[in-house]
Amino acid sequence: MDQGLLIETAEELYESAPCGYLSTLPDGTIIRANQTFLTWIGMDRKELVGNKCFQDLLSVGARIFYDTHLAPLLRMQGFVNEIAFDLTCADGRVLPVLANTVQKRDANGRPMVHRITLFNATDRRQYERELLLARQKAEQATQALQRLNETLEERVAQEVAERMKAEEALRQAQKMEAIGQLTGGIAHDFNNLLTIIVGNIELLQRRLPEGSDRLQRAATHAMEATRRAATLTQRLLAFSRRQPLDPKPIDVNKLVAGMSDLLRRTLGEVVVLETVLAGGLWRSQADPNQLENAILNLAVNARDAMPDGGKLTIETANARLDEAYVEALAEPVPPGQYVLVAVSDTGTGMDKATMERVFEPFFTTKEAGKGTGLGLSQVYGFVRQSNGHVRIYSELGEGTTIKIYLPRLIGSDEEPAEIPSQAPAMVKGSGETILVVEDEPDLRTYTTEALRDLGYRVLEAGDGRGALEIVERHPEIQLLFTDVVLAGGMNGRALSDEVSRRRPGLPVLFTTGYTSNAIVHHGRLDPGMHLIGKPFTYAELAAKVRRMIDRG
Amino acid sequence: MTTVLTRHNVRVFGHGEQPMLFAHGYGCDQNMWRLVAPAFEDRYKIVLFDHVGHGQSGAVAFDWARYGSLDGYAEDVLAICHELDLKDVVFVGHSVSAMIGVLAAIREPERFDRLVLIGPSPRYIDDGDYVGGFKQEDIEGLLDFLDSNHLGWSSTMAPMIMGNPDRPELGEELTNSFCRTDPEIAKHFARVTFLSDNRADLPNVKTKSLILQCSQDAIAPESVGRYMHQNLSGSEFVLMRATGHCPNLSAPEETIAAMEAFLSDPAPAKAVA
């Protein structure tokens, strides 16, 4: 055997090497190619050699690179390594390669031939793409992390500020609630006492002999002072949201218009009153007396903020509180449609610290003796109890606007309530029988005496059990008059329910200085229930009792 | 503190008074003048430099906005002239630097004696009747190509990839030591170069100029060279035997001879007095 056949020839190595070999002239014309390259590119030797330039196998972009980078580099350093090209094969496929090129020169240094070695870089290019992608992802992640870090302090500060604001709002709400409970309790006790005082002063006034003018005057003064005290306790109750409300459909425009005389008298000559009443204003549901009180309280405050004169504007409008707005509030206010009453002045305005405290009871900026600090508390308590919302806007030196939002009343045919303009005329009884149930003996005495004075026959009981026995024995009873809160395990509501079961249709008149859910659902009377708030006067009692018996 | 001279790796040599300022084109650095510049050093003061991001230019924060058009590069040329107090400059610009020289000469015509424009093109992309030789997508293809060579082409990336930034010579030995470029700046320069359109500037040139046009230049075809000639008043046009885009490297003798002929022309230096 010819030993020569066992040894590979240089040609064999050249043709079947695992890389492509090309020789080109300095201008790129291909003058030699190995079989490996021809197989890769899918071309005949004849097709390629002498007929094509290396650049012809490149995309236009790569050719620009060849001319601007590769050719100058070859001339300057004699070689170029690891250029990534995509070669276009005969069938249009793209073959990723890595090219190393060496420039051979003659004795004078002139370029003669380029030897190009090509590696199939299909796999490597794939890895490179993945690597690039991974690096991009890593860079993006790093950047995101960096941004996160850069804003960390700011975001923490923001979070803390928001948390502190929320806590402050909660503290404020808790404080208002605590003060509310305290004032509510005090007001209840005071009302009981005031009812006795009023009753006894009235008794004195009626029984004082003719000609004792001085004593009559003293009694009158005492009565006036007691009424003022009653007004104060009423406001305390309003703030504590425990006043019995009597909500009715109201036309706020009509209510405001009806108040203009009263307001003008209150404001005096130096303050100009302007009312801007919206056309097509929705109806609302609220206690009209309390709304009047609220507006009057705001007007008084406005007047006091404008000692040198100014303008008070009362506006009404339809308003909508959206989700975003109510979410930002510390107290729960449902989003939806509201009737807005805005009271604006051109007065001194207030700073932020003051604004935060104005609704607190007894908080006042007025001189000692000039204000009770209960005006805005009444507004706040009444509006919240009516499921409304109060907003205060103020600028120092510019003035203040207080906006009251009351829920729109939808789907009621009831006519808006007329505002009771004067006290009802004194109406007497004619021997009808009334059962008075009251656990406070002094109060019971006052009430029974007042009713007897009015011409009624009065039976009395100190608790629910005793009352039921009397009801059994006295079918002639035409009215049950009971305190809401009773000692002895059965409250006024339970008594009323039991009596109604035994004597259907018997009218029941409740009285209380302090209401509980037994009679007041969320501060409102249950439909069909009647109430006279403590402290009540002789005249009020007379009117209410007469009306109840006449209806019953 | 980097000065203009260190920032651009400025090298000055030669025995003449009149300055000859060489500006390299896209993809290379001042090394590309190594076969041409020495021929003039006995009669001229030779000034070589690298554009920002190319060759041995100093590492500075790259101002992407300043170099968003060729004007930023022209300002660099003028800054070098100011720093060295160069007057009556013979400006020799290759490829895109030919247009950079044109822009510099329009700004300060009094500073330039003559312009030698090698393979110039005022616009590379075809536009109506104008044939620049390329289409928009060709240039996008070039940018893609540059991307794929960030990893593959080790001349720029090897030191980084090999994790030996403190011993860059490791990368240099293995790969390509000339024409090193910052890949991101080079890509930006490629975009600015190949998307530039300076045709409207040509009539504003008052400096006498020579256009050296290679045969079979894929980057700046002959029609583009002739367009330059038509629109540059007082320009000379020489069609060289050399092929390709870099006659200063592939045919230095022919390049030198054409320059000599142009520079010895006794015609008044300023085309318009």
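Numbers given for residues are sequential positions, taken from 1 along each chain in its written order. Written order determines the labels here, with chains lettered from A and ligands numbered from 1. pLDDT decides what is reported in this predicted model: residues at 70 or higher carry local features, side-chain atom pairs at 80 or more are listed and counted, and totals for whole chains, interfaces and linings draw on all residues regardless. Hydrogen atoms and water are omitted, and side-chain values are computed over all heavy atoms in the structure.

Labelled according to an unreviewed UniProt entry, chain B appears under the name Alpha/beta fold hydrolase, originating from Microvirga arsenatis. We quote the UniProt Sequence similarities (unreviewed entry) comment for chain B here in full: "Belongs to the AB hydrolase superfamily." UniProt positions are given in the numbering used here, feature names are shortened, and annotations may be inferred rather than shown by experiment.

Participant: Mind laying out the overall build of chain B, listing which residues take part and the relevant values?
Facilitator: Along the backbone of chain B there are 10 helices and 7 strands. Relative to its full complement of 273 residues, chain B shows a buried share of 57%. In the form shown here, chain B has an accessible surface area of approximately 10700 Å², with 51% of it arising from carbon and sulfur atoms. Numbering of helices and strands starts at the N terminus; helices are DSSP runs of H or I of at least 4 residues and strands are runs of E of at least 2. Three exposure classes are used, based on accessible area relative to the maximum for each residue type with a 1.4 Å probe and protein chains only: buried under 20%, partly exposed in between, and exposed over 50%. Note on areas: these come from Shrake-Rupley sampling with a 1.4 Å probe, and a residue is covered only by the protein chains present in the view.

Participant: Describe the overall build of chain A, and please don't skip the residues or the numbers.
Facilitator: The secondary structure content of chain A amounts to 16 helices and 19 strands. Of all 552 residues assigned to chain A, the portion counted as buried reaches 45%. At a minimum sequence separation of 6, the contacts of chain A that also span at least 24 residues come to 67%. Every residue pair with non-hydrogen atoms within 4.5 Å of one another is taken to be in contact.

Participant: So what's going on with helix H8 (residues 222-231) of chain B? Residues and values would help.
Facilitator: Residues and elements named next belong to chain B. Of the residues making up H8, those classed as buried are Val224, Gly225 and Met228. For H8, the angular spread of buried residues about the axis comes to 100 degrees, placing them on one side. Close packing links the buried residues of H8 with helix H3 (96-107), strand E5 (112-118), strand E6 (208-215) and strand E7 (235-243). Throughout, the arc means the angular range of directions from the helix axis out to the C-beta atoms.

Participant: Which residues make up the pattern of salt bridges, and what are the values?
Facilitator: Residue and element names in this part refer to chain A. Salt bridges are defined as contacts in which a side-chain nitrogen from Lys or Arg sits within 4 Å of a carboxyl oxygen from Asp or Glu. Counting across every chain of the model gives 32 salt bridges over all chains. Between Arg457 and Glu476 there is a salt bridge, with the nearest N and O atoms lying 2.8 Å from each other. Of this pair, Arg457 sits in strand E14 (residues 457-461) while Glu476 sits in the loop between helix H14 (464-473) and strand E15 (477-483), and the two are 19 residues apart along the sequence. Look at Glu476 and you get partly exposed, because its relative accessible area is 31%.

Participant: Break down unusual backbone geometry for me, citing the residues and quoting the values.
Facilitator: Residues and elements named next belong to chain B. Phi angles above zero are rare outside glycine, and Asp85 is one such case at about 55 degrees. Summarising the element assignment, Asp85 is placed in the loop between helix H2 (70-84) and strand E4 (89-94). Located in the positive-phi region is Gln216, a residue other than glycine, with phi close to 50 degrees. Tracing the backbone shows Gln216 in the loop between E6 and H8. Given the relative accessible area of 70%, Gln216 is considered exposed.

Participant: Kindly report on the packing of aromatic side chains, identifying the contributing residues and their values.
Facilitator: Between rings of Phe, Tyr and Trp, where Trp is taken as its six-membered ring, a pair exists when centres lie within 6.5 Å; planes separated by under 30 degrees are stacked, by over 60 edge-to-face, and by other angles tilted. Enumeration over the complete set of coordinates arrives at 18 aromatic pairs over all chains. When the centroid spacing of 5.8 Å and the interplanar angle of 80 degrees are considered together, the rings of A:Phe54 and A:Phe85 count as edge-to-face. Residue A:Phe54 is located in the loop between helix H3 (45-48) and helix H4 (60-77), and its partner A:Phe85 is located in strand E3 (residues 79-88); the two are separated by 31 residues in the primary sequence. Classification of A:Phe54 as buried rests on a relative accessible area of 2%. Arranged with centres 5.5 Å apart and planes meeting at 35 degrees, the rings of A:Phe85 and B:Phe145 form a pair that is tilted. Linking A:Phe85 in strand E3 with B:Phe145 in helix H4 (residues 136-152), this pair reaches from one chain into another.

Participant: Can you break down the packing of helix H5 (residues 122-207) of chain A against helix H13 (residues 441-453) of chain A residue by residue, with the values?
Facilitator: The relative placement of two packed helices is expressed as an angle between their axes plus a distance between the axes. All names here are of chain A. Axis geometry follows a simple rule: fit a line to the C-alpha atoms, using only the stretch in contact for helices, then measure angles between N-to-C directions, giving values from 0 to 180 degrees. With their axes 9 Å apart at the nearest point, H5 and H13 run at an angle of 40 degrees to one another. Here H13 runs oblique to H5, going by the angle between their axes. Note that H5 runs across H13; the crossing there is left-handed. Between H5, through Asn192, Thr195, Ile196, Val198, Gly199, Asn200, Glu202, Leu203, Arg206 and Arg207, and H13, the contact on the second element is made entirely by Asp442, Leu443, Tyr446, Glu449 and Asp453. Here the term charged refers only to Asp, Glu, Lys and Arg, the term nonpolar to Ala, Val, Leu, Ile, Met, Phe, Trp, Tyr, Cys and Pro, and the term polar to all other amino acids, Gly among them. The residue inventory of the contact of H5 with H13, partitioned by class, reads 5 nonpolar, 4 polar and 6 charged. To sort the angles, those under 35 degrees are grouped as roughly parallel, those over 145 as roughly antiparallel, those from 65 to 115 as roughly perpendicular, and the leftovers as oblique. The crossing is said to be left-handed when, going from far helix to near helix, the turn is anticlockwise and less than a right angle, and right-handed when the turn is clockwise.

Participant: Give me the lowdown on the environment of A:Asn100, citing residues and values where you can.
Facilitator: Residues and elements named next belong to chain A. One can find Asn100 in strand E4 (residues 94-105). Sequence separation between Asn100 and Tyr21 is 79 residues, and the spatial gap between their C-alpha atoms is 10.0 Å. Ignoring any residue separated from it by four or fewer positions in sequence, one finds Asn100 in contact with Val80, Asn81, Glu82, Arg115, Ile116, Thr117 and Phe119.

Participant: Pulling in residues and values, what's your account of the layout of surface pockets?
Facilitator: All names here are of chain A. Cavities and pockets were defined on a 1 Å grid built from protein atoms only: a cavity is a group of points that admits a 1.4 Å probe but offers it no way out, a pocket is an open group of points flanked by protein on both sides within 12 Å along at least five of seven lines, and a lining residue is one with an atom within 4 Å of any such point. Grid points are joined across faces, edges and corners, and a volume is the space filled by probe spheres set on the points. For the second largest pocket, the calculated volume is near 1200 Å³. Residue lining of the second largest pocket: 26 residues in total, with Ala169, Gln172, Leu329, Ala330 and Glu356 positioned closest to the centre. With 9 residues, the single largest contributor to the lining of the second largest pocket is H5. Along the lines of polarity and charge, the residues of the lining of the second largest pocket split into 13 nonpolar, 2 polar and 11 charged. Here the lining of the second largest pocket spans two domains, since at least three of its residues come from each of domain 2 (127-239) and domain 3 (248-407). How far each domain reaches was decided by an automatic or database domain assignment.

Participant: An account of the sheet that holds E6(B) is requested, with residue identities and associated values reported.
Facilitator: In a beta sheet, neighbouring strands are held together by backbone hydrogen bonds and run either parallel or antiparallel to one another. Residue and element names in this part refer to chain B. With mixed pairing, the 7 strands of this open sheet are ordered in space as E1-E3-E2-E4-E5-E6-E7. Two strands in the sheet have a free side with no partner beyond their single neighbour: strand E1 (11-13) and E7. For this sheet, the mean inter-axis angle between neighbouring strands, taken without regard to orientation, is 15 degrees. Bridge count between strand E2 (residues 19-23) and strand E3 (residues 45-48): 4 bridges; the pairing is parallel. Strand pairing is assigned whenever DSSP identifies at least 2 bridges connecting the two strands.

Participant: Tell me about the nonpolar core, and please be specific about residues and values.
Facilitator: Counting 80 residues, the largest nonpolar core has A:Phe37, A:Phe54, A:Phe85, A:Leu87 and A:Leu118 as its most contacted members. For this core, the element with the highest residue contribution is H3(B), accounting for 8 residues. Beyond its immediate sequence surroundings of up to four residues, A:Leu118 is in contact with A:Cys19, A:Gly20, A:Leu22, A:Phe37, A:Trp40, A:Phe54, A:Leu87, A:Val97, A:Leu98 and A:Ala99. If you look at the next biggest cluster of nonpolar residues, it comprises 39 residues, including A:Met306, A:Val343, A:Val358 and A:Phe359. Residues belong to one nonpolar core when they are buried, are Ala, Val, Leu, Ile, Met, Phe, Trp, Tyr or Cys, and are joined through side-chain atoms within 4.5 Å.

Participant: Which residues make up the interface of chain A and chain B, and what values go with them?
Facilitator: Contact residues are listed per partner, giving 29 residues for chain A and 36 residues for chain B. The buried area of a pairing is the accessible area, by a 1.4 Å probe, that goes missing from both parts when the two are put together, added over both. In total, about 2700 Å² of surface goes out of reach between chain A and chain B, with carbon and sulfur atoms giving 66% of it. Of all residues in chain A, A:Ile64, A:His69 and A:Met76 give up the largest surface area on contact with chain B, accounting jointly for 24% of the area buried on that side. Viewed at the interface, chain B and chain A are joined by 1 salt bridge. In this structure, B:Glu253 and A:Arg110 form a salt bridge, with 3.7 Å as the shortest nitrogen-oxygen distance. As used in this structure description, the phrase polar contact means that two N or O atoms lie within 3.5 Å; if the pair is within protein, one of them must be able to donate a hydrogen and the other to accept it, and residues adjacent in sequence are counted only when both atoms belong to side chains. Our enumeration of links across chain A and chain B arrives at 2 residue pairs in polar contact (both at pLDDT 80 or more). Ranked by residues supplied to the side of chain A that touches chain B, first place goes to H4(A) with 14 residues. Residue classes in the side of chain A that touches chain B are distributed as 15 nonpolar, 5 polar and 9 charged.

Participant: If you had to explain helix H12 (residues 375-385) of chain A to someone new, which residues and values would you point to?
Facilitator: Most of H12(A) is tucked away, with 11 of its 11 residues classed as buried. Inspection of H12(A) places A:Gly375, A:Leu376, A:Ser377, A:Gln378, A:Val379, A:Tyr380, A:Gly381, A:Phe382, A:Val383, A:Arg384 and A:Gln385 among the buried residues, and these make up the whole buried set.

Participant: Explain the sheet that holds strand E13 (residues 433-437) of chain A residue by residue, including any values.
Facilitator: Residues and elements named next belong to chain A. Spatially, E14-E13-E15-E16-E19 is the arrangement adopted by the 5 strands of the open sheet, whose pairing is parallel. Unpaired on one side and paired on the other, E14 and strand E19 (530-533) mark the two borders of the sheet. The average undirected angle you get between the axes of adjacent strands in this sheet is 25 degrees. For E15 and strand E16 (residues 508-512), the ladder comprises 4 bridges, and the chain directions are parallel. Of the residues in E16, the one forming a bridge with Asp483 is Thr511. Sitting on the sheet, H13 is in contact with E13, E14 and E15, with an inclination near 165 degrees to E14. Its contacts with the sheet put H14 on E13, E14 and E15, and the angle it makes with E14 is roughly 140 degrees.

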